[in-house]
Amino acid sequence: MQKSYGRLEQNKNKEIVTKNDQPASGAGFERAVLVAVIRDQQDPRQAEEYLAELEFLAEPAGIVGVRRFTQRLPQPSARIYVGPGKLEEIAAYCKEEEIDVAIFDDELSPSQTRNIEAAMPCRILDRTRLILDIFMSRAQTAYAKTQVQLANYQYMLPRLSGMWTHLERQRGGTGTRGGAGEREIETDRRIIRNRISKLKEDLQKIDRQMAVQRSNRGSMVRVALVGYTNVGKSSLMNALCGPSVAEADMLFATLDPTSRKLILPSGMAVLLVDTVGFVSRLPHNLVEAFKSTLEEAAWSDVIVRVADAGDDQREEQLAVTDEVLDGLDCAGIPRLTVYNKCDKPNALNFDPDILLTSAKTGYGLDALLKKLDELLSDRVHTIRVLLPYDKLGLAAPMRERGSVQLEEYREDGLYLEGIVKTEDLHCFEGFLV
Ligand SMILES: Nc1nc2c(ncn2[C@@H]2O[C@H](COP(=O)(O)OP(=O)(O)O)[C@@H](O)[C@H]2O)c(=O)[nH]1
Ligand SMILES: [Mg+2]
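For the structure given in this document, a descriptive report is provided here. All values derive from a computational prediction rather than experimental measurement. (Residues numbered from 1 in each chain as written. Chains lettered and ligands numbered in written order. Predicted model: local features only at pLDDT ≥ 70, side-chain atom pairs only at ≥ 80, totals over all residues.)

### Structural notes on the overall build of the chain
Where we set the bar: Here a helix means four or more residues in a row that DSSP labels H or I, a strand means two or more in a row labelled E, and each is numbered from the N terminus. Burial is judged by counting the other C-beta atoms within 10 Å of a residue's own C-beta: 20 or more makes it buried, 12 or fewer makes it exposed, and any count in between marks it as partly exposed, with every C-beta position built from the backbone. Throughout, a residue-residue contact means that the two C-beta atoms, derived from backbone geometry, are no farther apart than 7 Å.
For the chain, the count of helices and strands is 14 helices and 15 strands. The proportion of buried residues among the 433 residues of the chain is 37%. Contacts spanning at least 24 positions in sequence make up 69% of the contacts within the chain whose residues lie at least 6 apart.

Take a look at the structure:
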């Protein structure tokens, strides 16, 4: 069964939808080979790291890497990315092992895509396609969605004919060029070009800042986990909030499966938000899509920058993270740095002020929670109120965005002790005791 990545589907109204905004469900994993060219001066270990990241990027699409192929070349072949012998070897392996998909660790040009597709017995994907799919599944606000769609159509536009020959082959056609096929592609191109100009117009109209803030207004205190892919953001979230998404969490994360409720030692409830990960070598035309998707998630009360304590690149990665955040609407948000995976043998010793954690062993999680309480202390207030029985609705900001620590039905009203966000404090004026 072929799965569709960015391939066009048209209904009678010539409505174009891509079928890739749903990550593959748990059922039926696909088996993949990963292919990279090691450039002349490049350290092979770095190529391995890129491939590990690529494998990780494929995971949300339900794809599991079963073998890696690398080849050292001065630069990738303009025609088929690797050398002809290598491609033959890969194709033979894929045929023999009934591999579903071959993933290339760079953005393939439209002609590379066509040539490789002609030589391979399976579907092919490139780095850009995988990253785009992740952004598509993560973008929430109108602005981010528009930005991601735009990047998606820009990626698809020059690749339509490759997709066509692919479809033709599936149908058992002869693959002859011209005729109906070419006309179809021209129509598709025209539709996509129109879409692109419409999306560009839309972007001008959407007030980006409003979009981000509106989407998060009225939420609980938010803490965002930001960092490169694979540093352990999701693992930290699970370690802090418990492994399974309980129903109680779902109430707080109705729209966004990447937010979870977290109770700090002070008793304050916060929303912990996992953001879309940074990736190395982000293709240039995905930069805006990435930033807008990150921005909406990272807009919070505290940003936790997560780095991999055992990764030589950690300082460079943190610097890039900061640089990107500085350029976004998140610039003024307090940041906290956490070096995760401190259980790894090659993790360095840091000075005692630095937060070291391990999502694996649980080390440092208490210290992280305590630090969050400290940082958030000026964003919230602990209050005691007595609400008359005809004003019980006023308790909502404390119940929904803060936390109730004591609740007593008394003769003259409802007595509440708990935490509210500073911006909600005015709701309780006149009822404080
Ligand atoms: N040794 C070790 N591995 C970890 C730790 N945290 C996460 N990992 C592993 O690192 C990989 C990436 O973790 P994940 O949470 O998915 O990273 P994310 O991309 O930042 O969300 C997974 O294989 C985790 O099992 C840790 O504290 N120690
Ligand atoms: Mg993750």
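### What to know about the packing of helix α1 (residues 44-58) against helix α4 (residues 127-138)
Rules: A fitted line through C-alpha atoms serves as each axis, taken over the contacting stretch for helices, and the angle formed by two N-to-C directions is quoted from 0 to 180°. With respect to orientation, any angle under 35 degrees is reported as roughly parallel, any angle over 145 as roughly antiparallel, any angle of 65 to 115 as roughly perpendicular, and every other angle as oblique. Two helices cross in a left-handed way if the nearer one is turned anticlockwise from the farther one by less than a right angle. They cross in a right-handed way if the turn is clockwise. Charged means Asp, Glu, Lys or Arg here, nonpolar means Ala, Val, Leu, Ile, Met, Phe, Trp, Tyr, Cys or Pro, and polar covers whatever is left, Gly included.
Taken N-terminus to C-terminus, the directions of α1 and α4 make an angle of 45°; their axes are 9 Å apart at the nearest point. Between α1 and α4, the interaxial angle falls into the category oblique. Between α1 and α4 lies a crossing whose hand is left-handed. In this structure, α1 contributes L54, L57 and A58 to the contact, and α4 contributes R127, L130, I131 and I134. Grouping the amino acids of the contact of α1 with α4 by side-chain chemistry returns six nonpolar, no polar and one charged.

### Describing the site of ligand 1
Test applied: Being near a molecule or strand means, for a residue, that its backbone-placed C-beta atom lies within 6 Å of it.
In the region of ligand 1, 15 residues are neighbours, and G232, K233, S234, S235 and K360 sit closest. The greatest single-element share of the shell around ligand 1, amounting to three residues, is contributed by helix α9 (residues 233-241). Looking at the shell around ligand 1 residue by residue, the classes come out as two nonpolar, eight polar and five charged.

### Comments concerning the nonpolar core
We apply this condition: Here, a nonpolar core means buried Ala, Val, Leu, Ile, Met, Phe, Trp, Tyr and Cys residues linked by C-beta atoms lying within 7 Å of one another.
Membership of the largest hydrophobic core comes to 94 residues, with the highest contact counts inside it found for A102, I103, F135 and V270. Each residue touching V270, except ones within four places of it in the same chain, is listed here: M220, V221, R222, V223, L262 and L264.

### Quick notes on α4
Applied cut-off: By definition here, a helix of n residues has an expected span of 1.5 Å times n minus one.
Look at α4: 17 Å from first C-alpha to last across 12 residues, which is about the 16 Å you get at 1.5 Å a residue. Among the 12 residues of α4, 11 are classified as buried, and the element is accordingly described as predominantly covered. Lining the buried residues of α4 we find α1, β5 (101-104), β6 (123-126), α5 (142-156) and α11 (287-298).

### Focus on the sheet that holds strand β15 (residues 413-421)
Pairing between the strands of a sheet is mediated by backbone hydrogen bonds and can be parallel or antiparallel. What counts, and what does not: Criterion used throughout: strands pair if DSSP finds at least two bridges between them.
Pairing is antiparallel across the open sheet formed by three strands, whose spatial order is β13-β15-β14. Every interior strand has two partners, whereas the edge strands, β13 (380-387) and β14 (403-410), have only one. The average angle at which neighbouring strand axes cross in this sheet is 10°, direction not considered.

### Thoughts on the environment of K233
In this structure, K233 sits in helix α9. Spatially, the C-alpha atom of K233 lies 8.9 Å from that of A307, the residues being 74 residues apart in sequence.

### So, the packing of α4 against α5
Closest axis-to-axis distance for the α4/α5 pair is 10 Å, and the angle between their directions is 155°. Classified by the interaxial angle, the pair formed by α4 and α5 is roughly antiparallel. Viewed along their axes, α4 and α5 form a crossing whose handedness is left-handed. Contacts from T128, L132, F135 and M136 of α4 reach α5 at V148, A151, N152 and Y155. For the contact of α4 with α5, a count of residues per class yields six nonpolar, two polar and no charged.

### A closer look at unusual backbone geometry
The phi angle at E98 is positive, at roughly 50°, despite the residue not being glycine. For N230, which is not glycine, the phi dihedral falls at a positive 85°. Position of N230 among the secondary structure elements: in the loop between β7 (221-227) and α9.

### What about the sheet that holds strand β3 (residues 30-39)?
Spatially, the four strands line up as an open sheet ordered β4-β3-β5-β6, and their pairing is parallel. Both edges of this open sheet fall to β4 (63-73) and β6, since each of them pairs with a single strand only. Geometrically, the sheet is characterised by an average inter-axis angle of 25° between neighbouring strands, direction not taken into account. In terms of strand pairing, β5 meets β6 through four bridges, oriented parallel. From the neighbouring strand, V101 faces β6, where its bridge partner is R123. Each of β3, β4 and β5 is contacted by α1, which is oriented at about 150° to β3, the strand it contacts most.

### Things to note about helix α12 (residues 314-326)
We count it as follows: What the arc describes is the spread of directions from the helix axis to the C-beta atoms.
When the terminal C-alpha atoms of α12 are compared, their 18 Å separation across 13 residues agrees well with the 18 Å that a helix rising 1.5 Å per residue should span. Listed as buried for α12 are R314, Q317, T321 and L325. Viewed along the axis of α12, the buried residues span an arc of 70°, placing them on a single side of the element. Exposed residues on α12 whose side chains face more than 90 degrees from its buried face are E315, E316, A319, E323 and D326.

### A word on the pairing of β14
Where β14 and β15 come together, seven bridges link them in antiparallel fashion. Each residue of the ladder has a partner; that of L406, found in β15, is E417. The loop that links β14 with its antiparallel partner β15 comprises two residues.

### A few points about the pairing of β6
Put simply, the rule reads: The definition of a right-handed crossover adopted here requires that, viewed with the strands pointing away, the path from the first strand over the helix to the second runs clockwise.
Across the two faces of β6 the burial is the same, with R123 and L125 and I124 and D126 all buried. For the crossover from β5 across helix α3 (residues 110-119) to β6, the handedness is right-handed.

### As for the environment of A102
Residue placement: A102 occurs in strand β5. Once the C-alpha coordinates of A102 and L34 are considered, the two residues, 68 residues apart in sequence, prove to be 5.9 Å apart. When near neighbours in sequence (up to four residues on either side) are disregarded, A102 contacts A32, V33, V35, I90, C94, M120, C122 and I124.

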